[in-house]
Amino acid sequence: MGKKEKTFQIIEKKIDSLLERMTIDEMIGQMTQVRHFDDISGDDIKTKLIGSVIHTQGPLPGLTATEWQAKVTDLQKQALSTRLGIPLLFGVDAVHGQNTFEGATIFPHNIGLGASANPGLVQQAAKITALETQATGFNWVFSPCVAIPYNEKWGRVYEAFSESTDITVELTRASVRGHQGDLRQSENVLATAKHFIGDGSTDFGVEGGNSSLSLDEVKIRLLPPYQAAVDEGVGAIMASFNKLDDISMHAHKALITDLLKGELKFDGIVVSDWKGYSRFGENDIINAGIDMVMAVDGDLEGFQNGLKEAVSSGVVPLTRIKDAVRRILRQKFRLGLFDNPFPDNKLIIKIGLKKHREVARQAVRESLVLLKNEDNILPLKRDAKIVLVGEFGDNSGLQSGGWTVNWQGTNENYRGATTILEGFRKISSVEVAFDKEGSGNDDADIAVIVVGETPYAEFFGDIGGEINAYQLTLTEIHQNYIDTYIKLGKKIIVVLVCGRPLVVTPQIKQSDAFVVAWLPGSEGHGIAEVLYGEHDFKGKLPHSWPKSVDDYNGKYGPNFWDDSIKPLFPLGFGLRYWES
Ligand code: BGC
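Residues numbered from 1 in each chain as written. Predicted model: local features only at pLDDT ≥ 70, side-chain atom pairs only at ≥ 80, totals over all residues. Heavy atoms only, no water.

Per the secondary structure count, the chain includes 20 helices and 17 strands. Its C-alpha atoms put the chain at 80 × 50 × 45 Å along the principal axes. Among the 580 residues that make up the chain, the fraction classed as buried is 63%. Pairs at least 24 apart in sequence give 77% of the contacts found in the chain among residues at least 6 apart. Of the roughly 21,200 Å² of accessible surface on the chain, 49% is carried by carbon and sulfur atoms. Taken together, the 61 basic and 76 acidic charged side chains of the chain have centroids lying 6 Å from each other. (Helix = DSSP H or I, 4+ residues; strand = E, 2+ residues; numbered from the N terminus. Buried < 20%, exposed > 50% of the residue type's maximum accessible area, 1.4 Å probe, protein only. Contact = heavy atoms within 4.5 Å. Areas by Shrake-Rupley, 256 points an atom, 1.4 Å probe, with all protein chains shown as cover. Lys, Arg positive; Asp, Glu negative; His and termini not counted. Charge placed at Lys NZ, Arg CZ, Asp CG, Glu CD.)

Okay, structure coming up:
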């Protein structure tokens, strides 16, 4: 018997012995995940025998990492004081760095990492994210999102690496490896591959909508990243809000139990998404194979009582409950939580370290995609007279997208980050002017105009969905910045900050150079390093780039198997300064 198999056997025996002693309340408690504020009070962890705590939304006002660790320690002590003393899992949406903590290193969102297509870099980024996440007290991240977006109208395109299954598979593997490493080390965390399955391929790109892909298409195009995650030993997989063929994924037994747990041999936790129990069929979701429920926003009592009743009336078999609890305990043992339940305070000083930020800056550099460079206007000379234009040029919140500091992101600067302008000023040997409002600065020779999408996260970034806040083209204001500088007769370099390909065909024509920066995160300096030629461009488009708004409907529509739509730039396109 190999070492791995032996460790597995030892853990399974420990689980057997715990399961034999557990009451139904204790088992259902393990299956419960709650939010630490709003949803619980006082000694709920102890009395409701909770198995996991989630943190979402953003930093709690004023909490330092030391205070966060103390908070986690306090909740953990409550769990340990229960009859069986089973420790808690603490989960957080750290999806591009520990983005709920101001001062942490924030990496480019996954779409940018997809452009880098560099698995070694993705692994390093995940490892740093894991460490900084543990430093704030959490041992579980809800990342990576391994969706394969087939419609840019979906407001979560940037959370995923690429429209290419192959790129996604490779980077998923790297991400899970980086986050989890040797799980018993205090700086590693459990990872979650999400959202299973079809989140990015709903019809019209609606978050939580229906996907009409056939099961074969799902298996060929969307499943391979999950197989890769499972092969890497991913601790958890989150069910998706969407439906497949009008069946809610949370209640899709054929896919969760038969396919994921059966055929793919996933032995970790299938966790529900937000309020999954009340939204997607209550006990049906447990029977379909959900092991842990995000019992938030008022779901706690309903879930615990509802499931208990369902077990006593035979609607949910006890064997299903035991399987769920076994999976949860298995991950707690793998993480070494029974031996080391508390956060490691030695990690705190490592949050936002220079060497972490250097990796993030490398990721920014490698994610940039050059679409046009007429007459080699780039790289810029250090003494070029430049004006940087637009509010995105000096705002770390705007350059970072959703899931940064707050759920929907922030339009403000945040601690520890460098803006694009700051990066320019570090490198240029002459003064770099800043024209925030795009009113026109005639002194400069070259205008570097930063335009893009203001931050959004799930639901709020859907186009044509219920909230409908966004468009796939530039805003009028951003278009005006470009027009103003064209009128002044300046050379124009456009830097696009975006979570998905936008229709910018006219603006590419208008400009001398065009750079896609995606959502770079805290290290804006990386953009200047490439634009000034300290490094070459390396990024390649992780999505094919549509020519017109109409292209979106055909790009992955019912005919997406044929290639009748010719994109403006194909997947993998990206210019370089020098031959490699
Ligand atoms: C999102 C998940 C996220 C969860 C917890 C949900 O609304 O779909 O991706 O992990 O919230 O914040």
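Resuming the write-up.
Attention now goes to the confidence of the model for the chain. On average, the chain scores 94 in pLDDT, and the residues at 70 or more come to 96%. Model confidence for the chain, summarised as mean pLDDT per element, is weakest for helix α20 (residues 549-555) at 70 and strongest for strand β10 (residues 269-271) at 99. (pLDDT = per-residue confidence, 0-100.)

Let's shift gears to the sheet that holds strand β2 (residues 52-55). One open sheet accounts for 5 strands, arranged β4-β3-β2-β1-β11; its pairing is parallel. The open sheet has two edge strands, β4 (140-141) and β11 (293-294), and neither has a second partner. Judged from the 3 bridges that link them, strand β1 (residues 32-35) and β2 form a sheet pairing that is parallel. By the bridge assignment for β2, Gln33 is matched with Ser52. (Pairing = 2+ DSSP bridges.)

This paragraph deals with empty space enclosed by the protein. Across all of its chains, the model carries 6 cavities of 30 Å³ or more by this definition. Taken as a whole, the largest cavity spans an internal volume of roughly 120 Å³. Only α5 (110-116), α6 (119-135) and α7 (165-180) provide two or more residues apiece to the lining of the largest cavity. If one sorts the elements of the lining of the largest cavity by residue count, α6 sits on top with 4 residues. In this structure, the second largest cavity encloses a volume near 90 Å³. (1 Å grid on protein atoms, 1.4 Å probe; cavity = no way out; pocket = protein on both sides within 12 Å on 5 of 7 lines; lining within 4 Å. Points joined across faces, edges and corners; volume = space filled by probe spheres on them.)

Regarding helix α10 (residues 253-263), the residues found buried are Leu255, Ile256, Leu259, Leu260 and Lys261. Looking straight down α10, one finds that the buried residues subtend no more than 165 degrees of arc, so they occupy a single side. Within two residues after α10, Lys265 carries a phi angle of roughly 65 degrees, on the positive side. (Arc of directions from axis to C-beta.)

A separate point is the pairing of β2. Burial of β2 is two-sided: the residues Ser52 and Ile54 facing one way and the residues Val53 and His55 facing the other way are all buried. For β2 and strand β3 (residues 89-92), the ladder comprises 4 bridges, and the chain directions are parallel. Bridging across to β3, Ile54 finds its partner in Gly91.

Side chains of residues three or four places apart in an α-helix project in the same direction, reflecting 3.6 residues per turn. In this model helix α4 (residues 65-80) runs 22 Å from its N-terminal to its C-terminal C-alpha over 16 residues, within 8% of the 22 Å that 1.5 Å per residue would give. Considered for burial, the residues of α4 that qualify are Ala65, Trp68, Gln69, Val72, Thr73, Leu75, Gln76, Gln78 and Ala79. Contacts from the buried residues of α4 go to α3 (44-47), β2, β3 and α6. (Expected span 1.5 Å × (residues − 1).)

Turning our eyes to something else, we now look at the pairing of β1. The two faces of the sheet receive side chains in turn, since in a regular strand these alternate between them. Of the two faces of β1, the one lined by Thr32 and Val34 and the one lined by Gln33 and Arg35 are each fully buried. Pairing between β1 and β11: 2 bridges, direction parallel. By the bridge assignment, Gln33 is partnered in β11 with Met294.

This part covers the pattern of salt bridges. This model, assessed by the stated rule, comprises 31 salt bridges. Note that Asp323 and Lys261 form a salt bridge whose closest N and O atoms lie 3.9 Å from each other. Here Asp323 is found in helix α14 (residues 318-334), whereas its partner Lys261 is found in helix α10, with 62 residues between them in sequence. Among the residues examined, Lys261 registers a relative accessible area of 11% and is labelled buried. We note a salt bridge from Glu529 to Arg365, for which the minimum N-O separation is 2.9 Å. Pair noted here: Glu529 is in helix α19 (residues 525-531) and Arg365 is in helix α15 (residues 354-367), with a separation of 164 residues, a long-range link. Each of the two residues, Glu529 as well as Arg365, counts as buried. (Salt bridge = Lys/Arg side-chain N within 4 Å of Asp/Glu carboxyl O.)

Further remarks concern the site of the ligand. Every one of the 13 residues lining the ligand counts as a neighbour, but Asp93, Arg156, His195, Asp273 and Glu458 are closest to it. A distance of 2.9 Å separates an oxygen atom of the ligand from a polar atom in the side chain of Arg156. A distance of 2.8 Å separates an oxygen atom of the ligand from a polar side-chain atom of Glu458. A total of 310 Å² of accessible area belongs to the ligand in isolation, and the protein chains cover 97% of it. Of the residues in the shell around the ligand, the class split is 6 nonpolar, 2 polar and 5 charged. (Near = heavy atom within 4 Å. Polar contact = N/O pair within 3.5 Å; in protein donor to acceptor, adjacent residues only side chain to side chain. Nonpolar A, V, L, I, M, F, W, Y, C, P; charged D, E, K, R; others polar.)

Attention now goes to the packing of aromatic side chains. How two aromatic rings sit relative to each other is set out by the distance from centre to centre and by the angle between their planes. Under the criterion given, the structure shown has 14 aromatic pairs. Between Trp518 and Trp545, the ring centres sit 6.1 Å apart and the planes meet at 55 degrees, which makes this aromatic pair tilted. With Trp518 in the loop between β17 (513-516) and α19 and Trp545 in the loop between α19 and α20, this residue pair connects regions lying 27 residues apart in the sequence. Classification of Trp518 by relative accessible area gives buried; the value is 0%. Three or more aromatic residues joined by ring pairs form one cluster here, namely Phe241, Phe280 and Phe459. If you follow Lys194 out to its NZ or CZ, it ends over the ring of Trp403, 5.7 Å from the centre. In this structure, Arg279 packs its charged tip against the face of Phe241, placed 4.4 Å from the ring centre. (Phe/Tyr/Trp six-rings, centres within 6.5 Å; stacked < 30°, edge-to-face > 60°. Lys NZ or Arg CZ within 6 Å of the ring centre and 35° of its normal.)

This brings us to the packing of helix α8 (residues 215-222) against helix α9 (residues 224-231). Interaxial distance between α8 and α9 falls to 5 Å at its minimum, and their mutual angle equals 50 degrees. If you check the angle between α8 and α9, you find them oblique. Two secondary-structure elements touch here, α8 through Lys219, Ile220, Arg221 and Leu222 and α9 through Pro224, Pro225 and Tyr226. Taken together, the residues of the contact of α8 with α9 break down into 5 nonpolar, no polar and 2 charged. (Axes fitted to C-alpha atoms, helices over the stretch in contact; angles between N-to-C directions. Parallel < 35°, antiparallel > 145°, perpendicular 65-115°, else oblique.)

In this section: the domain arrangement of the chain. Considered domain by domain, the chain is made up of domain 1 (29-348) and domain 2 (368-579). At the junction of the two partners, domain 1 supplies 43 residues and domain 2 supplies 40 residues. Summed over both partners, the interface of domain 1 with domain 2 comes to about 3,600 Å²; 57% of that surface belongs to carbon and sulfur atoms. On the domain 1 side of the contact with domain 2, Glu102, Glu152 and Lys153 bury the most area, a combined 20% of that side's loss. The interface formed by domain 1 and domain 2 includes 1 salt bridge. Residue Glu458 is joined to Arg156 by a salt bridge in which the shortest nitrogen-to-oxygen separation is 3.2 Å. In this assembly, domain 1 and domain 2 are joined by 22 residue pairs in polar contact (both at pLDDT 80 or more). Elements supplying a minimum of two residues to the side of domain 1 that touches domain 2: α5 and α8. For the side of domain 1 that touches domain 2, the leading source of residues is α5, giving 4 residues. (Domains from an automatic or database assignment. Buried area = accessible area lost by both parts, 1.4 Å probe.)

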